[in-house]
Amino acid sequence: MNSLLTPPPNAAGLNPDAVASLQQAKALAGVPLVQARNFAEDVQSSMAAAFGSGVMFSLVAFTSWGRSLHSPVEDVQYSKTRAMLSSLGLQKYEKNFKRGILNDTTLPWLTDNALRDVNIPPGPRLIILDRIGRDSNLKGR
């Protein structure tokens with residue numbers, strides 16, 4: 001930046017007021033202008049670093065969080081429940097079963113009240129209870 005404010009070699013032929021103004025601008029703008037430029041570059045670098053860091057954190061957190069929600073251990077506990085609901089065409093209620101922690105272990109003790117508590121409508125409740133009553137694999141008693 002200082003090279004832009006350096007008077008040309010033949011400054012003797014220029015207007016003395018112009019040369020004085022140029023030297024004064026050079027004296028005033030030298031260090032603060034460089035500091036301002038460095039500050040702007042620092043801000044841009046910091047913003048880029050923060051953005052990159054945030055993106056990476058989001059990717060890592062989302063993938064880790066997603067894996068923990070759908071862990072194989074949890075899915076194993078609902079394998080019979082999922083198969084039963086799917087065979088009845090009621091797979092949309094799987095999330096209700098999971099919310100109420102009604103899994104393969106609890107199927108033999110499932111009641112109308114338990115299904116009502118997890119917001120399953122009367123028709124599907126009757127169908128589910130009938131299937132559990134008829135299927136010895138689901139009764140498990």
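Keep in mind that what you see is a predicted model, and the values were worked out from it rather than measured.

> I'm lost on the overall build of the protein chain in this one. Help?
For the protein chain, the helix and strand inventory stands at seven helices and zero strands. Listing the helices and strands of the protein chain from first to last along the sequence gives α-α-α-α-α-α-α. In the protein chain, buried positions account for 19% of the 141 residues. Restricting to contacts in the protein chain with at least 6 residues of sequence separation, those with at least 24 account for 43%. Of the accessible surface of the protein chain, which amounts to about 10000 Å², a share of 63% is contributed by carbon and sulfur atoms.

> How do you make sense of unusual backbone geometry when you look at a structure like this?
Most of the time, phi is negative for any residue but glycine, and the peptide bond is trans. Despite not being glycine, isoleucine 101 has its phi angle at roughly 55 degrees, a positive value. Among the structural elements, isoleucine 101 can be located in the loop between helix H4 (94–99) and helix H5 (112–117). Here the phi dihedral of asparagine 119 falls at roughly 60 degrees; this positive angle occurs in a residue that is not glycine. Relative to the helices and strands, asparagine 119 is located in the loop between H5 and helix H6 (122–134).

> What is the right way to read the environment of phenylalanine 97 from this model?
With respect to the helices, strands and loops of the structure, phenylalanine 97 is situated in helix H4. You can call phenylalanine 97 buried: its relative accessible area is 0%. Residues phenylalanine 97 and arginine 82 lie 15 residues apart in sequence; the distance between their C-alpha atoms is 9.3 Å. Those residues in contact with phenylalanine 97 that sit more than four places away from it in its chain are Tyr78, Thr81, Met84, Leu85, Leu102, Leu107, Leu110, Leu115, Ile120 and Ile128.

> Help me understand the side chain of arginine 125, please; the structure alone is not making it clear to me.
Mapped onto the elements of the fold, arginine 125 is located in helix H6. Of the residues examined, arginine 125 reaches a relative accessible area of 8% and is grouped as buried. Ignoring any residue separated from it by four or fewer positions in sequence, one finds arginine 125 in contact with Asp112, Leu115, Arg116 and Ile120.

> Which parts of the structure should I look at to understand H6?
In an α-helix there are 3.6 residues to a turn, and that puts residues three or four apart on one side. Between its first and last C-alpha, H6 extends 18 Å over 13 residues, near the 18 Å set by a 1.5 Å rise per residue. Those residues of H6 lying buried are Pro124, Arg125, Ile128 and Ile132. Projected onto a plane normal to the axis of H6, the buried residues spread over an arc of 105 degrees and lie on a single side. Pointing more than 90 degrees away from the buried face of H6 are the exposed residues Leu126 and Arg134. Against the buried residues of H6 lie helix H3 (79–87), H4, H5 and helix H7 (136–139).

> How should the packing of aromatic side chains be read in this particular structure?
Remark: the centre distance and the inter-plane angle together describe each pair of aromatic rings, the angle taken between the planes. Per the counting criterion, the structure on display carries zero aromatic pairs. Here lysine 98 stacks its cationic end above the ring of tyrosine 78, 5.4 Å away from the centre of that ring.

> How should the environment of aspartate 112 be read in this particular structure?
Tracing the sequence through the fold places aspartate 112 in helix H5. Here aspartate 112 falls in the partly exposed class, since its relative accessible area comes to 27%. Between the C-alpha atoms of aspartate 112 and proline 122, which are ten residues apart in sequence, the distance is 8.5 Å. With residues near it in sequence (within four places) discarded, aspartate 112 still touches Arg125 and Leu129. Within polar-contact distance, the side chain of aspartate 112 engages the side chain of arginine 116 at 2.8 Å.

Cut-offs used in this document
Residues numbered from 1 in each chain as written. Predicted model: local features only at pLDDT ≥ 70, side-chain atom pairs only at ≥ 80, totals over all residues. Heavy atoms only, no water. Helix = DSSP H or I, 4+ residues; strand = E, 2+ residues; numbered from the N terminus. Buried < 20%, exposed > 50% of the residue type's maximum accessible area, 1.4 Å probe, protein only. Contact = heavy atoms within 4.5 Å. Areas by Shrake-Rupley, 256 points an atom, 1.4 Å probe, with all protein chains shown as cover. Expected span 1.5 Å × (residues − 1). Arc of directions from axis to C-beta. Phe/Tyr/Trp six-rings, centres within 6.5 Å; stacked < 30°, edge-to-face > 60°. Lys NZ or Arg CZ within 6 Å of the ring centre and 35° of its normal. Polar contact = N/O pair within 3.5 Å; in protein donor to acceptor, adjacent residues only side chain to side chain.

Any link to function would need more than the numbers given here.
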